[in-house]
Amino acid sequence: MKILVVGGGGREHAIIKKLKENKNIQEIYALPGNGGIALDAVCIPIGACEIDKIVEFAVKEKIDYAIVAPDDPLVLGCVDALETTGIPCFGPRAAAAVIEGSKVFSKNLMKKYNIPTAEYEVFDNINEALKYLDSAPIPTVIKADGLALGKGVTVALTRDEAKKAVKEAMQEKKFGESGNRIVIEEYLEGPEVSVLSFTDGKCIKPMVSSMDHKRSGDNDTGLNTGGMGTISPNPYYTADIAKECMEKIFIPTVNAMNKEGRTFKGCLYFGLMLTKDGPKVIEYNCRFGDPETQVVLPLLESDLLTLMMAVTNQTLSETEVKFKNENACCVIMASKGYPVSYKKGFEITVPDDIMDSLFFAGAVEKNGRLLTNGGRVLGVTSVAKTLKCAIQKSYEKVNKISFENAYFRNDIGQKALKASEV
Ligand code: AMP
Ligand code: GLY
């Protein structure tokens, strides 16, 4: 089989490495991939949002199955376009990807179908938003409606901060068109859990839970990033909470999307907060999370391609989704200065014996050498019987990797470790 994977980050590398365990796959193409992914797949210089070119390539190469991993091409209808040519795909169509593409859509969906989430108001007029903030409870949360590279959310601890965030989004257009409408949301507190799930629109099978570390600095300080590391499973996510989420959130979401005529097929990601009033949805993503995928897929025991095709063919209920009873930890190595500004082009040196543990993101190949080429450069994952051991193994590997200006958090998994020891 010939497989095409749209995207070029650590998540896509984790998907590709997992797919390679399936011996029926002859060739994997990554569009565009990156210098590190090129060690495991054929990288083609076509951007993830160049939908016409992706379709042209897929038809020409007689691709048997396509996986669209990032949010932007999903929201833009990449799956719809590929399916029109008869190529089966993993990923939601645009009508369903809107669950991530528009916060206003997802908030209204949850309200309509009684799915627990933070209280909210929607604004498309800046003066009304600012007036509302004069008396809104503080802290509060400001969210741009559309996609914003994971940066469209501001947790405002003061009224001034909240107003500044509204002005940045609606007046200064910090997130372009994505900020024309905003959601102002109730501030929730509690441990956060990421749950990725397979759903074919008929049933939903959650994957093992995980915990992201979004802030750039140790002890959750500094700016929000795309994610500086992950662990799995998440110790806060007990069997009882999982059952409650299944009944009150996961199944109702799948049913709601069906009722709206927007059947979701693919990986549906639930960003949850475990509040004192029960689990609530912080966000939906229409795709595998990054770096969550870099801990979840290494724990997957079942064959990934079989599962993905079961989603496409709507036979997921008959297909087993099995995970190893182990722990995983992923530490992201980034370029110093990320997520603001950073230099790139530095050589990455890695001993051969740990290449299997690595998922490359911001890396480019030049004259046989791998150079840094982005904010998040690579993820280092370890799987072990205990979380403590997985963390230790990942940091041992991190210490064997070098590139100029390398930066990573030193405390990935520590909060989870404390929670699991209580
Ligand atoms: P997002 O970009 O939607 O993943 O949001 C980024 C982060 O903002 C989340 O991981 C939470 O830590 C925080 N956040 C989002 N919504 C809320 C909320 N209603 N209350 C408290 N924190 C929130
Ligand atoms: N790690 C969070 C996300 O993928 O959106």
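This section reports on the structure supplied with the text.

Turning to the nonpolar core, a few remarks are in order. L4, L82, I99, F250, F270 and L272 are the most contacted members of the largest nonpolar core, which totals 48 residues. Examining the composition of this core, we find that seven residues originate from one element, helix α9 (residues 239–259), more than from any other. C267, L299, L304 and M308 belong to the second-largest nonpolar core, a separate cluster that totals 38 residues.

Let us now look at the site of ligand 2. The local shell around ligand 2 consists of D212, G226, Y269, N285, R287, G289, D290, P291 and E292. Here an oxygen atom of ligand 2 sits 3.1 Å away from a polar atom, N or O, in the side chain of N285. Measuring from a nitrogen atom of ligand 2, one finds a side-chain N or O atom of E292 at 2.8 Å. Coverage of ligand 2 by the protein chains reaches 89% of its 200 Å² of free accessible surface. Within the shell around ligand 2, the residues separate by chemical class into two nonpolar, three polar and four charged.

As for its position among the elements, T225 is in the loop between β14 (221–224) and β15 (229–232). Here the side chain of T225 touches K214 through a polar contact of 2.6 Å, landing on its backbone oxygen. Here G227 takes part through its backbone nitrogen, which lies 2.8 Å from a polar atom of the side chain of T225.

The immediate surroundings of ligand 1 are formed by 16 residues, with E185, E186, L188, E192 and E283 found nearest. At 2.7 Å from a nitrogen atom of ligand 1 is found a side-chain nitrogen or oxygen belonging to E185. When ligand 1 is considered free in solution it has 480 Å² of accessible area, and contact with the protein chains removes 91% of it. At the level of secondary structure, the elements contributing two or more residues to the shell around ligand 1 comprise β7 (140–144), β8 (153–156), β9 (182–186) and β17 (278–285). The residue makeup of the shell around ligand 1, split by class, is eight nonpolar, one polar and seven charged.

Direction vectors running N to C along helix α5 (residues 94–101) and helix α6 (residues 103–112) enclose 95°, while the axes themselves pass 6 Å from each other. When the interaxial angle is binned, α5 and α6 end up roughly perpendicular. Residues V98, I99 and G101 of α5 pack against K103, F105, S106 and L109 of α6. For the contact of α5 with α6, a count of residues per class yields four nonpolar, two polar and one charged.

Pairing in this open sheet of five strands is parallel, and the strands run β3-β2-β1-β4-β5 from one edge to the other. Either end of the sheet is taken by a strand with one partner, and the two such strands are β3 (42–43) and β5 (89–90). Judged from the four bridges that link them, strand β1 (residues 2–7) and strand β4 (residues 65–68) form a sheet pairing that is parallel. Note on β4: the bridge partner recorded for L4 is A66. Here helix α2 (residues 51–60) sits on the sheet in contact with β1 and β2 (27–32), set at roughly 170° to β1. Its contacts with the sheet place helix α11 (residues 304–312) against β1, β4 and β5, and it is angled at close to 90° to β4.

Here we take up the pairing of β9. Across the five residues that make up β9, a large majority, four, are buried. In this structure, β7 lies alongside β9, joined through five bridges in antiparallel fashion. Considered in β9, the bridge of A144 is made with I182.

For the rest of this paragraph, the subject is the environment of Y338. The topology assignment puts Y338 in the loop between β18 (327–335) and β19 (358–360). A relative accessible area of 14% means that Y338 is categorised as buried. Separated by 69 residues in the primary sequence, Y338 and Y407 place their C-alpha atoms 8.5 Å from one another. When near neighbours in sequence (up to four residues on either side) are disregarded, Y338 contacts S216, T225, G226, G227, M228, G375 and R376.

Cut-offs and rules
Residues numbered from 1 in each chain as written. Chains lettered and ligands numbered in written order. Predicted model: local features only at pLDDT ≥ 70, side-chain atom pairs only at ≥ 80, totals over all residues. Heavy atoms only, no water. Core = buried A, V, L, I, M, F, W, Y, C linked by side-chain atoms within 4.5 Å. Buried < 20%, exposed > 50% of the residue type's maximum accessible area, 1.4 Å probe, protein only. Helix = DSSP H or I, 4+ residues; strand = E, 2+ residues; numbered from the N terminus. Near = heavy atom within 4 Å. Polar contact = N/O pair within 3.5 Å; in protein donor to acceptor, adjacent residues only side chain to side chain. Areas by Shrake-Rupley, 256 points an atom, 1.4 Å probe, with all protein chains shown as cover. Nonpolar A, V, L, I, M, F, W, Y, C, P; charged D, E, K, R; others polar. Axes fitted to C-alpha atoms, helices over the stretch in contact; angles between N-to-C directions. Parallel < 35°, antiparallel > 145°, perpendicular 65-115°, else oblique. Contact = heavy atoms within 4.5 Å. Pairing = 2+ DSSP bridges.

All we've got here are geometric facts, nothing functional implied.
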